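Fold and contact review
The residues making up each chain are set out below.
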Amino acid sequence: MKYLFLTGFLIICQLANCQKMVSITIDDVPNTRRFEKDGFQSVLMQKLDSLEIPIAIFINEARVYSTDSITRNFGLLNDWAQKEYITLGNHSFSHARYSITGVDAYASEIINGEAITRQLAKKYNKSLQYFRFPFNDLGEDSVQHVQVRNFLKDNGYTITPYTVESVDWMFNFVYEDFLDKGEVEKAKEIGEEYLRTTLAYFEFFEDLAFKDYQRTVNQIYLCHDTKLNADYLPQLINELKKRGYEFISLGEALTDKVYQQKENYYKKWGASWLYRWQATHEEQVGNMRKEPSTESITTLYNEILERKDK
């Protein structure tokens with residue numbers, strides 16, 4: 001049945017000459033601990049320089065102060081900001097979880113999270129209009145959702161959604177653990193599994209979007225500033241190119257009318273916006289259960305946590 005649906009999707013796409021679009025967005029920038037470990041260079045940024053595609057980054061300014069190399073860390077954030085292909089975004093100051101802090105404390109997280117970035121935006125003639133919630137936690141209920149939306153709107157921010165995510169942070173945790181133990185081949189297996197899983201997620205959400213809207217939608221991919229992505233994001237981008245994707249800016253992605261819809265999801269969990277737009281909780285949960293499996297990486301992740309807790 002899935003094969004028949006996909007075949008129909010491909011035929012319709014060919015007839016309609018539809019183009020698959022995606023915006024790549026990177027959270028938890030700058031990774032200052034990785035920066036120091038790599039001899040004060042951002043390998044991920046170096047890789048992105050050669051790809052020549054637009055990227056949006058979401059900044060936690062607390063990371064600038066998270067190591068002793070504060071001056072170098074300021075320089076790193078400046079290097080990110082000055083890149084022409086980079087769109088700047090606020091990811092809160094310290095990666096706080098909104099459903100726990102509540103709106104008053106979170107307002108400070110938002111404002112403190114732009115102290116450096118807004119100056120850099122002005123320096124490089126860029127805007128700072130996008131905010132992404134850590135954990136994509138928009139609040140524990142509809143009241144919290146409305147409160148923070150109003151605050152962000154009053155302060156000139158657009159909430160940044162995503163459609164595709166593949167727990168790359170979990171893959172990275174396992175990947176770095178193997179590298180730290182010198183188990184390079186096992187780390188490589190994790191990197192390759194990350195690629196396969198992410199491509200499976202793209203296919204899944206392509207199908208879901210077509211089922212709900214009878215067309216392709218501008219996808220937004222969420223990933224993180226990690227060692228894993230420094231090593232594998234270029235490969236992922238090349239694979240997406242082979243699958244017909246064109247890479248667009250976050251602003252371009254958000255021009256798709258799909259992003260103007262009302263959300264119907266008022267929980268704290270970080271669900272894809274393709275679920276949030278669906279009409280009922282039953283429909284949302286039913287589709288979530290059909291996602292590609294991440295059981296193997298979750299098992300490894302929990303085993304490592306258990307080992308480190310001993």
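Being a predicted model, the structure only gives us computed values, none of them experimental. Sequence positions are assigned chain by chain, starting from 1 and proceeding in written order. Per-residue local features are limited, in this predicted model, to residues with pLDDT of at least 70; the limit for side-chain atom pairs, both in listing and counting, is 80 or more; totals at the level of whole chains, interfaces and linings are taken over all residues. The side-chain figures draw on all heavy atoms in the structure; neither hydrogens nor water molecules are used.

**A short note on the overall build of the protein chain**
Here a helix means four or more residues in a row that DSSP labels H or I, a strand means two or more in a row labelled E, and each is numbered from the N terminus. Regarding its fold elements, the protein chain presents 15 helices and 8 strands. Here the globule rule is a power law, 2.2 Å times the number of residues to the power 0.38, and the radius of gyration is based on C-alpha atoms. Against the globule reference of 19 Å for 310 residues, the protein chain gives a C-alpha radius of gyration of 19 Å, in line with a compact fold. Each principal axis of the C-alpha atoms in the protein chain carries an extent, and together these give about 55 × 50 × 40 Å. Each residue's exposure class comes from its accessible area (1.4 Å probe, protein chains only) as a fraction of the maximum for that residue type: buried when under 20%, exposed when over 50%, partly exposed otherwise. Within the span of the protein chain, comprising 310 residues, buried residues form 53% of the whole. Any pair of residues with heavy atoms lying within 4.5 Å of one another is described as a contacting pair. Put simply, of all contacts in the protein chain between residues at least 6 apart along the chain, 81% involve residues at least 24 apart. Each accessible area value is a Shrake-Rupley result obtained with a 1.4 Å probe; residue values ignore everything except the protein chains displayed when judging cover. Element-wise, carbon and sulfur atoms account for 51% of the exposed surface of the protein chain, whose accessible area totals about 14,900 Å².

**Focus: empty space enclosed by the protein**
Buriedness for pockets is judged along seven lines, at least five of which must meet protein on both sides within 12 Å for an open set on the 1 Å grid over protein atoms alone, while cavities are sets there where a 1.4 Å probe fits but cannot get out, and lining residues have an atom within 4 Å of a point. Grid points are joined across faces, edges and corners, and a volume is the space filled by probe spheres set on the points. Counted under the stated rule, the structure contains 2 cavities of 30 Å³ or more. A volume near 90 Å³ is recorded for the largest cavity. Lining the largest cavity are 14 residues; nearest its centre among them are Arg34, Ser42, Val43, Leu44 and Asp225. Where the lining of the largest cavity is concerned, the elements lending two or more residues are helix H2 (32–37), helix H3 (43–51), helix H4 (70–82) and helix H11 (227–242). Along the lines of polarity and charge, the residues of the lining of the largest cavity split into 6 nonpolar, 4 polar and 4 charged. In the scheme used here, Gly and all other residues not listed as nonpolar or charged are polar, with Ala, Val, Leu, Ile, Met, Phe, Trp, Tyr, Cys and Pro taken as nonpolar and Asp, Glu, Lys and Arg as charged.

**Here we look at the confidence of the model for the protein chain**
Summary of the metric used: pLDDT quantifies the predictor's per-residue confidence within the range 0 to 100. With 95% of its residues at a pLDDT of at least 70, the protein chain reaches an overall mean of 94. This model gives residues 1–7 a pLDDT under 50, and the stretch forms 7 contacts once residues within four places in sequence are excluded.

**What to know about the layout of surface pockets**
Estimates place the volume of the largest pocket at around 1,000 Å³. Every residue lining the largest pocket is counted, 36 residues in all, and those nearest its centre are Glu165, Val167, Trp169, Met170 and His224. Counting only elements with at least two residues in the lining of the largest pocket, the list comes to strand E1 (20–29), helix H9 (168–180), helix H10 (184–213), strand E7 (219–224) and helix H15 (295–309). Looking at which element gives the most residues to the lining of the largest pocket, the answer is H9, with 5 residues.

**Overview of the packing of helix H6 (residues 103–112) against helix H8 (residues 142–154)**
A pair of packed helices is captured by two measures, namely the crossing angle of their axes and the spacing between those axes. Contact geometry of H6 with H8 gives a least axis separation of 10 Å together with a crossing angle of 35 degrees. Two packed elements cross with a definite hand, and for H6 against H8 that hand is right-handed. For the pair formed by H6 and H8, the contact residues are Val103, Tyr106, Ala107, Ile110 and Ile111 on the first element and Gln147, Val148, Phe151 and Leu152 on the second. Counted by class, the contact of H6 with H8 contains 8 nonpolar, 1 polar and no charged residues. In this analysis, axes come from line fits to C-alpha atoms, helices being fitted only over the stretch in contact, and the angle between any two N-to-C directions falls in the range 0 to 180 degrees. Each crossing gets its hand from how the near helix is turned against the far one by less than a right angle, where anticlockwise is left-handed and clockwise is right-handed.

**Some details on the pattern of salt bridges**
Definition used for salt bridges: Asp or Glu carboxyl oxygen within 4 Å of a side-chain nitrogen of Lys or Arg. By the definition in use, this model includes 20 salt bridges. Of the charged contacts in the structure, one is a salt bridge between Lys20 and Glu206, with a shortest N-O distance of 3.7 Å. Here the residue Lys20 occupies a position in strand E1, and Glu206 occupies one in helix H10, the gap between them amounting to 186 residues. Comparing Lys20 with Glu206 shows no difference in burial state: the two are buried. A salt bridge links Lys242 to Glu239, with the nearest nitrogen and oxygen atoms 3.3 Å apart. One end of the pair, Lys242, and the other, Glu239, are both in helix H11, 3 residues apart, so they sit about a helical turn from each other. Lys242 gets classed as exposed once you look at its relative accessible area, which sits at 65%. Through salt bridges with shared partners, a single network forms among Asp177, Lys181, Glu183, Lys186, Arg307 and Lys308.

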